[in-house]
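Observations on the model geometry
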Amino acid sequence: MVNIAVVFFTKRGRLFTLAHEIAQGARETGATVSLYRVPGFDDEESDRFASAVQATPVITPSKLKDFDGIIFGAPCRQGRFASQMIDFLDNFAQDATLSSILEGKAVSAFTSTGGIQRGHGGHEHALQNMHSTFLQLGMVVCGLPPSKEMDRAELASPYGVTMGGGAGSGGRDLSDAETALARAQGRHTAEVARTLRPPVQLIYWNWKGRAEMTRLLLQAGGIPFEESNLRDLDEFESFASQFFRDMPDFQPLKQLSVAQLPILVDGTTVVSHSQAVARYVARKAGLYGSSFEEAALIDITFEAAEEIRTKFYHASFAVDKETRLNEFAKSSRVDFGRFEYDLKSAEAKGNGLYFVGGKLSLADVVVYSIMKSVRTTLPQSISRFQYLSRFITAMDDIFVAAKHKKGFVATPTKY
């Protein structure tokens, strides 16, 4: 999930409206968005936005390292943006410990001006000045994509959205065109931030095993990822050593052990153990149902499937492998029969060959990942089940198609 910060300075509160709409646009992409303000708000000069601005947390420079993209906003006058924002950004140039934390992050700018009565308030020059600062900090500057709303907004600019002037302590409301442009800028910056974010990393032992389920989930969600497989304990120890050099402050895995593989690294988030990793990716990819009820049904199928996986693995690696696999084939008829019944019921209700909600979910992926392994070793144990066999064929087609998806953006699960 992409994390976006909207950081603004406002003295009288007018710019809060614009910041709010930009944040809303970023959220429309599925990003997590946080609003922050730079100190300097004068609540005595604002009666309309005082409570909302005061409720917005004050930003600290070091906090911005947690975000993939940042959208800065400050009012301008005669081509210069507010000194309070200049002072805040100067922290990154003057402090060696902060100088690199913004490098490579997506950034854009917005402003307001009171000079609209004279036809121009220097807003484009102010936005370009902000861009110049961003470039010096190593950031990737985003503008405002062209749109029909630009023809209707009085101060439209490709450099960023601008709110025109207005009388009174609270100012005027945004026009429909300004609102549309603000949301477009939020969406655009969040989407660029998503493309710049390092891909998810999946680390696992050099055999398919339980990591296969996570690979399928990442593939189904269109989430770019890099994978590393470890062949032995020496490679594991080398990986663990490098991991803690890259993430020295990450405490939960300080006692990293072989039992915790697979491990998924998503930015600064690290998840270990196969089932926790699978559930994390399913939520990130929007494959965990659309309600708490659907999530519960998915969990029921997930747990039933994992019980089958455990039995199958125990049989596959037993000393008397052939005998144990034959026993598994007999005992699994009841478990496979349960899946057969669920799929038959789903199709009868018009939900297709999906276990929950009439669409692809974690439940489908976990069952498919297990059935692939069973099909390779014991094909006859599956062929007797009509709906389960059709389900596996349908999943084969879905994942072949998923390999060729381009530009798909997963929408995180929200209830």
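Residues numbered from 1 in each chain as written. Predicted model: local features only at pLDDT ≥ 70, side-chain atom pairs only at ≥ 80, totals over all residues. Heavy atoms only, no water.

Looking at the packing of aromatic side chains
To describe a pair of aromatic rings, one takes the distance between the centres and the angle between the planes. As a reminder, the rule being used: In summary, the pairing rule links any two rings of Phe, Tyr or Trp, Trp by its six-membered ring, whose centres are within 6.5 Å, and it sorts them by plane angle into stacked for under 30 degrees, edge-to-face for over 60 and tilted for everything else. Under the scheme used here, helices are H or I runs from DSSP no shorter than 4 residues and strands are E runs no shorter than 2 residues, and both carry numbers assigned from the N terminus.
Summed over all chains, the structure comprises twelve aromatic pairs. Taken together, a centroid distance of 5.7 Å and an interplanar angle of 80° make the contact between phenylalanine 88 and phenylalanine 92 edge-to-face. Separated by four residues within a single helix, phenylalanine 88 and phenylalanine 92 lie in helix α3 (residues 83–94), roughly one turn from each other. Ring-pair connections join several aromatic residues into one group, and the members of that group are Phe312, Tyr313, Phe328, Phe336 and Phe385.

Some remarks on the pairing of strand β6 (residues 106–112)
Note the following rule: When accessible area is computed with a 1.4 Å probe and restricted to protein chains, residues below 20% of their type maximum are described as buried, those above 50% as exposed, and intermediate ones as partly exposed. Between any two strands, pairing holds if DSSP finds at least two bridges.
Among the seven residues of β6, seven are classified as buried, and the element is accordingly described as predominantly covered. Of the two faces of β6, the one carrying Ala106, Ser108, Phe110 and Ser112 and the one carrying Val107, Ala109 and Thr111 are both buried. Across five bridges, strand β3 (residues 69–73) lies against β6 in parallel orientation. Of the residues in β6, the one forming a bridge with glycine 73 is phenylalanine 110.

Examining the pairing of strand β1 (residues 3–8)
For clarity, the threshold we go by: A crossover gets the label right-handed when its path from the first strand over the helix to the second runs clockwise, viewed with the strands pointing away from the viewer.
Within β1, five of the six residues are buried, leaving the element largely enclosed by the surrounding structure. As judged from the six bridges shared by β1 and strand β2 (residues 32–37), these two strands associate in the parallel manner. Its bridge partner lying in β2, valine 6 is registered against leucine 35. Once you follow β1 into helix α1 (residues 14–27) and on to β2, the crossover reads as right-handed.

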